[in-house]
Amino acid sequence: MFSKADHRNPWYYLPTTYFAEGLPYMIVNSLAVIIYKKMGVSNTLIAFWTSWLYLPWVIKMLWGPLIDMYSTKRNWIAWTQALMCAAIACAALSLKTPHFLYVSMACFMGVAFLSATHDIAVDGFYMLSLDDKKQAFFIGIRSFCYRLAMLFSSGVLVMLAGRIEARTGNIQDSWTQVLLLAAAIMGLLFVYHRVFLPYPAVDKPDEAKAGQLAEFGEIFKAYFKLENVGLGLAFILTYRFGEAMLLKLAAPFLLDKAEAGGMALTTTQVG
């Protein structure tokens, strides 16, 4: 096996780490909407509950420094993937319970926080494991792999669920099987990355930052005293507001019956 001091080819791990970054994001923010719609949840409840699932990506900067302070980016990547595997599997099994909406929502929220944390670790690891030249070369490749995961989640997995549903007539089973498949993929990625991720010498806890934890409160206070900070924050929080509203209700519109104002597409057609 590789030694901890080696310089591994980025092709061995970079595409898979960014695929692992995109997969849970789309499961939480896209696939969950379709699951709930097919399970008979109203559009009102879908819009209300699933909108909260995007919150961890909005506020992830609040715990971002902790990833620098404790353990390594490599460990953060691997173990968040392992925990996401478990949480997605729990969400899959919860679909057969009477209170599936609330149990699965708790699981998906756990995945959302883990995925946001995983994003910070992956992007940090990208900077630590590659020199400037390789960072420039792989920037488009990492984006491609992330988008590939998005297409896989909102396309292939949805089509697969639709085909299982058409064959068995059981909506619960179709989505349970698809989510268990997604959990298995995350589990395989965890095992793969435990073996193939390199060990950059600079990937270690920042003890200097750890000693400054008590000062973060003062830093945040100083940030909010900046000139026009309110205007800047308002722009950051609202410039994609229209897109966010559209994306959450696009799937229910496509799946709703014609008499309800929808397109009456099947699950497979939506995928």
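Predicted model only: the values in this text are computed from it and were never measured. (Residues numbered from 1 in each chain as written. Predicted model: local features only at pLDDT ≥ 70, side-chain atom pairs only at ≥ 80, totals over all residues. Heavy atoms only, no water.)

Q: Hey, could you go over the packing of aromatic side chains for me, with residue numbers and the actual values?
A: Under the defined criterion, the tally for this structure stands at 19 aromatic pairs. Between tryptophan 49 and tyrosine 102, the ring centres sit 5.8 Å apart and the planes meet at 85°, which makes this aromatic pair edge-to-face. Residue tryptophan 49 is located in helix 2 (residues 43-51), and its partner tyrosine 102 is located in helix 6 (residues 100-129); the two are separated by 53 residues in the primary sequence. Relative accessible area serves as the criterion here: at 28%, tryptophan 49 is assigned to the partly exposed category. Look at tyrosine 102 and you get partly exposed, because its relative accessible area is 48%. (Phe/Tyr/Trp six-rings, centres within 6.5 Å; stacked < 30°, edge-to-face > 60°. Helix = DSSP H or I, 4+ residues; strand = E, 2+ residues; numbered from the N terminus. Buried < 20%, exposed > 50% of the residue type's maximum accessible area, 1.4 Å probe, protein only.)

Q: For the pattern of salt bridges, give the residues involved together with the corresponding values.
A: One pass over the full model with this rule turns up 5 salt bridges. Among the ionic pairs, lysine 96 bridges to aspartate 173, the shortest N-O distance being 2.1 Å. Of this pair, lysine 96 sits in the loop between helix 5 (73-94) and helix 6 while aspartate 173 sits in helix 8 (residues 171-196), and the two are 77 residues apart along the sequence. For lysine 96, a relative accessible area of 47% puts it in the partly exposed group. The salt bridge involving glutamate 243 is made with arginine 240; its shortest N-O contact spans 3.1 Å. Looking at glutamate 243, the relative accessible area reads 37%, which means it is partly exposed. Its relative accessible area of 41% is what places arginine 240 among the partly exposed residues. (Salt bridge = Lys/Arg side-chain N within 4 Å of Asp/Glu carboxyl O.)

Q: Can you lay out a nonpolar patch on the surface for me, pointing to particular residues and giving the numbers?
A: A contiguous nonpolar patch, built from Phe48, Trp52, Tyr54, Leu55, Val58, Phe235, Ile236, Leu237 and Tyr239 and spanning about 910 Å² of accessible area, is present on the exposed surface. Sorting the residues of the nonpolar patch by element identifies helix 3 (55-59) and helix 11 (229-238) as the ones contributing at least two each. Of the residues forming the nonpolar patch, the biggest block, 3 residues, is contributed by helix 11. (Patch = residues over 30% accessible without salt bridge, like charges linked within 9 Å, V, L, I, M, F, W, Y side chains within 5 Å. Areas by Shrake-Rupley, 256 points an atom, 1.4 Å probe, with all protein chains shown as cover.)

Q: An account of the packing of helix 1 (residues 14-38) against helix 2 is needed here, citing residue identities and associated values.
A: Viewed as axis vectors pointing N to C, helix 1 and helix 2 meet at an angle of 155°, and their least axial separation amounts to 10 Å. Our classification of the angle between helix 1 and helix 2 gives roughly antiparallel. Judged by the twist between their axes, the crossing of helix 1 over helix 2 is right-handed. For the pair formed by helix 1 and helix 2, the contact residues are Val33, Tyr36 and Lys37 on the first element and Asn43, Ile46 and Thr50 on the second. Residues that form the contact of helix 1 with helix 2 fall into these classes: 3 nonpolar, 2 polar and 1 charged. (Axes fitted to C-alpha atoms, helices over the stretch in contact; angles between N-to-C directions. Parallel < 35°, antiparallel > 145°, perpendicular 65-115°, else oblique. Left-handed = near helix turned anticlockwise from the far one by under 90°. Contact = heavy atoms within 4.5 Å. Nonpolar A, V, L, I, M, F, W, Y, C, P; charged D, E, K, R; others polar.)

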